[in-house]
Amino acid sequence: MSGVVKTLVHGVADARQASEIASMGVDGVVVEVGEPRGLVLDFQAAESIASALPPLTARLALCAPGSALPAGFWGAVTDVSANAATPEGASLHVVRVEQEHLDPERIPADADAVWVRPASSGSSAATRFDYRALDRISGYHRLIVEVPDGAAGAETAIRLARPYALLFS
């Protein structure tokens, strides 16, 4: 991928935080709804976050299999292990996969983008990804790379993975 790399923020907790993040110029946010792990929001909280974001900010919801999107969200994220279809109402479907399980054969052909989470071992973006595998995936899908070391790893991830977007948690 060449061109401007998008920035996404995962784990927005409330409308106030969404406004602060939007003022920094991020391209999109990801919230978790309907799952019993991580920072999980109810639909009302997710909808208040969507309302607090500027019009052109992407709104993605990490959804449990079979769940609907909260109002104001147009993109859905599902785990590749769940073999989930695109949630109803989503115009964009992102598939999330762990680096250790990155297999092009497991990624649905209709996925619009692939969010790759870093390997559990390694200390930085340079050592927590298989960049050859990422390069193969990027030939077929937009690549979203979750940066394990924040801004410090952004340059390395951009240079080595050439992603469509970087995701910061």
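My aim in this report is to walk through the structure given alongside it, one point at a time. Note that this is a predicted model, so its numbers are computed, not measured. (Residues numbered from 1 in each chain as written. Predicted model: local features only at pLDDT ≥ 70, side-chain atom pairs only at ≥ 80, totals over all residues. Heavy atoms only, no water.)

### Some points on the pattern of salt bridges
To be explicit about the condition: In the sections that follow, a salt bridge refers to a side-chain nitrogen of Lys or Arg positioned within 4 Å of a carboxyl oxygen of Asp or Glu. Helix and strand labels come from DSSP, where a helix needs a run of H or I of at least four residues and a strand needs a run of E of at least two; each type is numbered from the N terminus. When a residue's accessible area, from a 1.4 Å probe over protein chains only, is under 20% of the maximum for its type it is buried; when over 50% it is exposed; and in between it is partly exposed.
One pass over the full model with this rule turns up 5 salt bridges. Here R96 and D79 are joined by a salt bridge, their closest N and O atoms 2.7 Å apart. Taken together, the positions of R96 in strand β6 (residues 92–98) and D79 in strand β5 (residues 75–79) put the pair 17 residues apart, joining distant regions of the chain. The partner of E146 in a salt bridge is R117, and the shortest N-O contact between them spans 3.1 Å. Of this pair, E146 sits in strand β8 (residues 142–146) while R117 sits in strand β7 (residues 113–117), placing them 29 residues apart in sequence. Residue class for E146 comes out buried when judged on its relative accessible area of 9%.

### Here we look at the pairing of β6
The cut-off we apply is this: Strand pairing is defined by DSSP finding a minimum of two bridges between the two strands.
For β6, the tally of buried residues reaches 6 of 7 residues, placing the bulk of the element in the interior. Bridging between β5 and β6 involves 5 bridges; their strand directions are parallel. For G75, the partnering residue across the bridge sits in β6 and is L92. Two strands pair when backbone bridges link them, and β6 and β7 are joined in this way by 5 bridges, in the parallel orientation.

### Considering the nonpolar core
Applicable threshold: To qualify as a nonpolar core, a set must consist of buried Ala, Val, Leu, Ile, Met, Phe, Trp, Tyr and Cys residues joined through side-chain atoms within 4.5 Å. The contact criterion used throughout is that any non-hydrogen atoms of two residues lie within 4.5 Å.
Grouped together as the largest cluster of nonpolar side chains are 22 residues, with contacts concentrated most on L102, V116, L134, L143, V145 and L166. Contacts of V145, omitting those with residues within four sequence positions, involve V116, F129, A157, A161, P163, A165, L166 and L167. Counting 20 residues, the second largest nonpolar core, distinct from the first, contains V9, V12, V29 and A61.

### Observations concerning the packing of helix α1 (residues 15–23) against helix α2 (residues 43–52)
Note the following rule: Angles here are taken between N-to-C directions and fall from 0 to 180 degrees, while the axes themselves are lines fitted to C-alpha atoms, restricted in helices to the stretch in contact. By definition in this entry, angles of less than 35 degrees are roughly parallel, angles greater than 145 are roughly antiparallel, angles of 65 to 115 are roughly perpendicular, and the rest are oblique. In this scheme, a crossing is called left-handed if the near helix is turned counterclockwise away from the far one by less than a right angle; it is called right-handed if the turn is clockwise.
The geometry of α1 relative to α2 is characterised by a closest axis approach of 8 Å and an angle of 30° between their N-to-C directions. With respect to α2, the axis of α1 lies roughly parallel. Between α1 and α2 lies a crossing of right-handed hand. Mapping the contact onto sequence places A15, A18 and S19 in α1 and S48, I49 and A52 in α2.

### Quick look at α2
To keep it simple, the criterion reads: Directions from the helix axis toward the C-beta atoms define the arc. Pairs of N or O atoms are called polar contacts if they sit within 3.5 Å, as long as, within protein, a hydrogen donor faces a hydrogen acceptor (for residues adjacent in sequence, only side-chain-to-side-chain pairs).
Buried residues of α2: A46, I49 and A50, and no others. In a view along the axis of α2, the buried residues occupy a sector of 100°, so they form one face of it. What points out from α2, more than 90 degrees from its buried face, is the exposed set Q44 and S51. The opening residue of α2 is D42, an N-cap whose side-chain oxygen sits 3.2 Å from the backbone nitrogen of Q44.

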